[in-house]
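# Summary of structural features
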2 protein chains.
Amino acid sequence: MATLCLPYQLSPEQTEKLDTIIQRHRPLQKRDVLIENGEPLKFLYAVRSGSLKSYSLDSHGSEQIIDFHLPGDLIGFDGLIDGQHRSFTQALETTMLCEIPMQSLDQLSAELPGLRKQLLRVMSGELHASKTLLGTLNHHTAQQRLANFIMTLSNRFQQRGLSSRSFRLSMTRADIGNYLGLSVETISRILTQLQQEGVLAVQNKLVEITDPERLRALAS
Amino acid sequence: MATLCLPYQLSPEQTEKLDTIIQRHRPLQKRDVLIENGEPLKFLYAVRSGSLKSYSLDSHGSEQIIDFHLPGDLIGFDGLIDGQHRSFTQALETTMLCEIPMQSLDQLSAELPGLRKQLLRVMSGELHASKTLLGTLNHHTAQQRLANFIMTLSNRFQQRGLSSRSFRLSMTRADIGNYLGLSVETISRILTQLQQEGVLAVQNKLVEITDPERLRALAS
DNA sequence: CGAAATATTGATCCAAATCAACGGCTGTGG
DNA sequence: CCACAGCCGTTGATTTGGATCAATATTTCG
């Protein structure tokens, strides 16, 4: 169970201890809300299958997508600062999760230096990803941003042992646009264009990367 | 010493223990480089006075500013993922630092749950700030971004017990533009414009917020 | 003091937003 | 299982915010 939910390098002993505190969560359906803004942080969640988006609402009540969560991701770190979740998290499709009670995790991490390091490492990784994305969005064209987005998804799927070559975009074009700071129309146009150039084969939500080399080149 | 370098709520006992591992670092002069990309992560640094910028170099070798560090900030978290710093960090002016050896910090955080929580809290806060900034940059105009930047600086100075009303921009206009994804010219124009509208009084690097209420309104 | 770096201001251009119209899924209820 | 409604996606025309180009002023620092 712990292996499924936290697929990281831990010793058998550590894995066993973790197993005692990790619970299977009921499956979410598309559009189900897992976390509401302001909710107390009682659990971290690990995605077993499916996907979710996290977003906050700006002063005018419109959605700002902060993150997409894929299998293997941990959800909830942003709330550690004050024990409150700082965003909404919603399923994009049928999604299976594990939940990890914060309190037990805290106790356990006192005993297991490996787990403690692992947690810091995951957070540090998220922090780095987030800051890198900032750079990407600030200094790149629409095409570069989208190419980069597809590459990043591909890499994340690969790390989880899924196909890095072809996958399903579980989020809408509007979601992608929102996340990248581009309009829906621009996302659509660039996908068409990348398909015409033979970089991608796009059919509705399914994407196949037909020329990974060129996609990488376009992404930077 | 620990109080100076890590101004957070720790018990006297905890502070005393921290004191034993924190070292004063030699002062940096303007343009001195504190951290090079790829360097092994041996220390975290706490800013006592002055300021720094962190940046990475993109594939074409041009600077992408990731962060500005003000007094009270901790530097180095992005390297926890693999024990290597993932960016360059350079002083913007004469700057005083403390250094905190990673190894001792790790040992100490095993003993002190408060310190462990504190570290997680700081990282979580950074993560949240970074994701919020992402939203800000993605969905706001140049004026909103800059207003937001000034507000954020003001708030950070206030938290550290410095003046939130008037302060010095230790970074160049080019640095601000780079950070916000805007050109130097745009930064300059908008500062002029905000001054004409009576929101700011700008004189070279000195900024005074003359109408905080209106600045806040412009920032969102 | 003088050179180089930094900042301002104006003119022009362009990438992506917005506006508009339509075609194609998808999911729901009869 | 089909029909229809509503969201989702695509494509085209027009507009625009901010980049870029260009020239000059100001500050900083050796």
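None of these values were measured; they are calculated from a predicted model. (Residues numbered from 1 in each chain as written. Chains lettered and ligands numbered in written order. Predicted model: local features only at pLDDT ≥ 70, side-chain atom pairs only at ≥ 80, totals over all residues. Heavy atoms only, no water.)

### So, the interface of chain A and chain B
- Between chain A and chain B, the residue contacts involve 40 residues of the former and 40 residues of the latter.
- Roughly 3,500 Å² of surface becomes buried between chain A and chain B when both sides are summed, with 59% attributable to carbon and sulfur atoms.
- Taken together, the links from chain A to chain B amount to four salt bridges.
- Ionic pairing is found between Asp-67 of chain B and Lys-131 of chain A, a salt bridge with its closest N-O pair at 2.3 Å.
- In this assembly, chain A and chain B are joined by 18 residue pairs in polar contact (both at pLDDT 80 or more).
- In terms of residue count, the dominant contributor to the side of chain A that touches chain B is helix 4 (residues 113–139) of chain A (19 residues).
- Of the residues contributing to the side of chain A that touches chain B, the split by class is 13 nonpolar, 17 polar and ten charged. (Contact = heavy atoms within 4.5 Å. Buried area = accessible area lost by both parts, 1.4 Å probe. Salt bridge = Lys/Arg side-chain N within 4 Å of Asp/Glu carboxyl O. Polar contact = N/O pair within 3.5 Å; in protein donor to acceptor, adjacent residues only side chain to side chain. Helix = DSSP H or I, 4+ residues; strand = E, 2+ residues; numbered from the N terminus. Nonpolar A, V, L, I, M, F, W, Y, C, P; charged D, E, K, R; others polar.)

### As for the environment of Glu-208 of chain B
Residue and element names in this part refer to chain B.
- For Glu-208, the position within the fold is in strand 11 (residues 206–209).
- Overall, Glu-208 belongs to the partly exposed group, its relative accessible area being 33%.
- The sequence separation of Glu-208 and Arg-165 amounts to 43 residues, and the corresponding C-alpha distance is 5.8 Å.
- Not counting residues up to four positions away in its chain, the partners in contact with Glu-208 are Arg-165, Ser-166, Val-199, Leu-200 and Ala-201. (Buried < 20%, exposed > 50% of the residue type's maximum accessible area, 1.4 Å probe, protein only.)

### Comments concerning the sheet that holds strand 1 (residues 23–24) of chain A
Residue and element names in this part refer to chain A.
- A sheet is described by the order of its strands in space; here four strands give the open sequence 1-8-3-6, paired in antiparallel fashion. Because the sheet does not close on itself, it has two edges, and the strands there are strand 1 and strand 6 (74–75).
- Of the pairings in the sheet, the one linking strand 1 to strand 8 (residues 96–101) comprises two bridges and is antiparallel in character. Note on strand 8: the bridge partner recorded for Gln-23 is Glu-99.
- Each of strand 3 (43–49) and strand 8 is contacted by helix 3 (residues 102–111), which is oriented at about 60° to strand 8, the strand it contacts most. (Pairing = 2+ DSSP bridges. Axes fitted to C-alpha atoms, helices over the stretch in contact; angles between N-to-C directions.)

### Considering the protein's contact with DNA strand C
- The immediate surroundings of DNA strand C are formed by 16 residues, with Ala-142 and Thr-186 of chain A together with Arg-173, Ser-188 and Arg-189 of chain B found nearest.
- Restricting attention to atoms of DNA strand C within 4 Å of the protein, one finds that 56% of them are sugar or phosphate atoms.
- Here Ala-142 of chain A contributes a backbone N or O atom positioned 2.6 Å from a phosphate oxygen of DNA strand C.
- One of the side-chain N or O atoms of Arg-189 of chain B is found 2.9 Å from a base nitrogen in DNA strand C.
- Considering every element that reaches the surface near DNA strand C, the biggest residue donor is helix 7 (residues 184–196) of chain B, with four residues. (Near = heavy atom within 4 Å.)

### Quick word on the packing of helix 5 (residues 142–159) of chain B against helix 7 of chain B
Residue and element names in this part refer to chain B.
- Two numbers describe how helix 5 lies on helix 7: the axes approach to 10 Å, and their chain directions differ by 75°. Relative to helix 7, the element helix 5 is oriented roughly perpendicular. Judged by residue contacts, Ala-142, Gln-143, Leu-146 and Ile-150 of helix 5 engage Thr-186, Ile-187, Ile-190, Leu-191, Gln-193 and Leu-194 from helix 7. (Parallel < 35°, antiparallel > 145°, perpendicular 65-115°, else oblique.)

### Considerations on the packing of helix 6 (residues 173–180) of chain A against helix 7 (residues 184–196) of chain A
Residue and element names in this part refer to chain A.
- At a minimum axis separation of 8 Å, helix 6 and helix 7 run at an interaxial angle of 105°. It follows that helix 6 is roughly perpendicular to helix 7 by the angle criterion. For the pair formed by helix 6 and helix 7, the contact residues are Arg-173, Ala-174, Ile-176, Gly-177 and Leu-180 on the first element and Val-184, Ile-187 and Leu-191 on the second.
- Of the residues that constitute the contact of helix 6 with helix 7, the class distribution is six nonpolar, one polar and one charged.

### Focus: the side chain of Thr-95 of chain B
Residue and element names in this part refer to chain B.
- Examined against the element boundaries, Thr-95 turns out to sit in the loop between strand 7 (88–91) and strand 8 (96–101).
- Polar contacts involving the side chain of Thr-95 include one to the main-chain amide nitrogen of Ser-51, which spans 3.1 Å.
- At 2.8 Å, the side chain of Thr-95 forms a polar contact with the backbone oxygen of Glu-93.
- Those residues within four positions of Thr-95 in sequence are excluded, and the remaining contacts are Pro-27, Leu-28, Val-47, Ser-49, Gly-50, Ser-51 and Leu-52.

### Let's talk about helix 5 of chain B
Residue and element names in this part refer to chain B.
- Between the first and last C-alpha of helix 5 there are 26 Å, a value that for 18 residues agrees with the 26 Å anticipated at 1.5 Å per step.
- Summarising burial for helix 5: 13 of the 18 residues are buried, a large majority.
- Among the residues trailing helix 5, Gly-161 stands out with phi positive, at a value near 80°. (Expected span 1.5 Å × (residues − 1).)

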